[in-house]
Amino acid sequence: MNLINKKVTHKRFGIGSIVKHNDTSIEIHFASENKMFVFPDVFGKYLKLYDKSDAKSLELIIKKKENERKEEELKKEEEKKLQRKQQHLRLEHKKLMKNHKLHPESQMVFWCDTEEQDSSISEWKVFSGAIKSGTNKGKPNKPVRLHQNSAVLLTAIDSNVPEKDRRILGVYMVNEDFVGKLCEDGYIPAHSKYRLQLSEKESDQSVFWEYYVNKKSPEKVTWNTGKYRYFDNAWMAQILLVIISLKSDPNERELAQQFFKHFCKMNQITDQELPKPNGAIIRNKTLA
């Protein structure tokens, strides 16, 4: 809006004429001197335009700037709220890290459907699913037992194949600073280093139920419902030890050994005292 040479009246300085203005300031020539003011703040309370049409247009500009100012203030307030929330989460995270007590069953086995068999490996993360009922229905499940010592075992079962033939696809430690209790979106990301993918041949030799037991029904080989199960820390160590034996590539074998060593340290497991696998399939063979 061009206001040059427009007549104005000021409560203190009287009648004047606009000689300069930009988005933030305005210069007005009065009878004896020029004065600078903040634009457009000076209008309305101290300064008025003579021309009613110009005054109307200026009013719209002032309203627009006022709305922009309010939006900016609201944005800053939202940013402050977010910063306070992030600070709270950092403090909570620090507290949980410091006071964490090792749970004997803080490992997760995940059932990958057809699409997830590729995405869980390519993206190295899984989604814990949504709550099915209750006041939190639809919200993501919080994998509350998972912590820095936890690993996620990726498994799958081919169509028309019995549950006892469930295969292991890969395994990863959770992200270095992951805390399940603080997981709001349900996604469980992988550690930057400790990730192992099994080849098709290796996967065919890694049958999940040789290690896992449903403690309520130890003789049964059934998954029933749900995307994941928690299971014993020692069972995960057994699986990692077998994965090492399956790796023929020197680099992959070295990473698997480092993974196993890191896992045992995080879970206070001594590999010499690790029991032999005794999953549901092995138990059933023994009973037979």
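Structural data are supplied above this passage.
Residues numbered from 1 in each chain as written. Predicted model: local features only at pLDDT ≥ 70, side-chain atom pairs only at ≥ 80, totals over all residues. Heavy atoms only, no water.

A. Here's a closer look at the packing of aromatic side chains. This model, assessed by the stated rule, comprises 16 aromatic pairs. Aromatic side chains Phe 30 and Phe 37 sit 6.4 Å apart centroid to centroid with 90° between the ring planes, which places their arrangement in the edge-to-face category. According to the relative accessible area criterion, Phe 30 is buried, its value standing at 3%. Assessed through its relative accessible area of 15%, Phe 37 is described here as buried. Where Phe 39 meets Phe 43, the ring centres are 6.1 Å apart and the plane angle is 90°; that geometry is what we call edge-to-face. One exposure class covers both Phe 39 and Phe 43, and it is buried. Aromatic ring contacts, followed pair by pair, group Phe 208, Trp 209, Tyr 212, Phe 231 and Trp 235 into a single cluster. Over the face of the ring belonging to Tyr 187 we find Lys 125, whose NZ or CZ atom lies 4.8 Å from the ring centre. The ring of Trp 223 carries the charged tip of Arg 166 above its face, separated from the ring centre by 4.4 Å. (Phe/Tyr/Trp six-rings, centres within 6.5 Å; stacked < 30°, edge-to-face > 60°. Buried < 20%, exposed > 50% of the residue type's maximum accessible area, 1.4 Å probe, protein only. Lys NZ or Arg CZ within 6 Å of the ring centre and 35° of its normal.)

B. Quick look at the nonpolar core. Ranked by size, the top nonpolar core spans 34 residues in total, and within it Leu 153, Val 171 and Phe 263 carry the most contacts. Within the residue set of this core, elements represented by two or more residues are β8 (151–156), β9 (167–174), β10 (187–197), α4 (233–246), α5 (250–266) and α6 (280–287). Top contributing element to this core by residue count: α4, with 8 residues. Leaving out residues up to four positions away in the same chain, Phe 263 has contacts with Gln 107, Asn 149, Ala 151, Met 173, Asn 233, Met 236, Ala 237, Leu 240 and Ile 269. Core analysis: the second largest hydrophobic core is formed by 19 residues, Trp 124, Leu 154, Ala 156 and Tyr 172 among them. (Core = buried A, V, L, I, M, F, W, Y, C linked by side-chain atoms within 4.5 Å. Helix = DSSP H or I, 4+ residues; strand = E, 2+ residues; numbered from the N terminus. Contact = heavy atoms within 4.5 Å.)

C. Examining the sheet that holds strand β6 (residues 107–111) more closely. In spatial order, the strands read β7-β10-β9-β8-β6-β11; together these 6 strands make up an open sheet with mixed pairing. Strand pairing shows two members of the sheet lacking a second neighbour, β7 (125–127) and β11 (228–231), which therefore form its edges. Between one strand axis and the next, the sheet turns by 35° as a mean value, whatever way the strands run. Where β6 lies against β8, 4 bridges are found, and the strand directions are parallel. Within β8, the position partnered with Met 108 by the bridge is Val 152. (Pairing = 2+ DSSP bridges. Axes fitted to C-alpha atoms, helices over the stretch in contact; angles between N-to-C directions.)

D. Region of interest: the sheet that holds strand β2 (residues 14–21). The sheet built from 5 strands is open, its strands ordered β4-β3-β2-β1-β5 with antiparallel pairing. Bordering the open sheet on either side are β4 (34–38) and β5 (47–49), each of which pairs with just one other strand. Here the strands of the sheet are splayed against their neighbours by 40° on average, with no regard to which way each runs. Relative to β5, strand β1 (residues 7–10) is paired through 3 bridges, and the arrangement is antiparallel. Of the residues in β5, the one forming a bridge with Val 8 is Leu 49.

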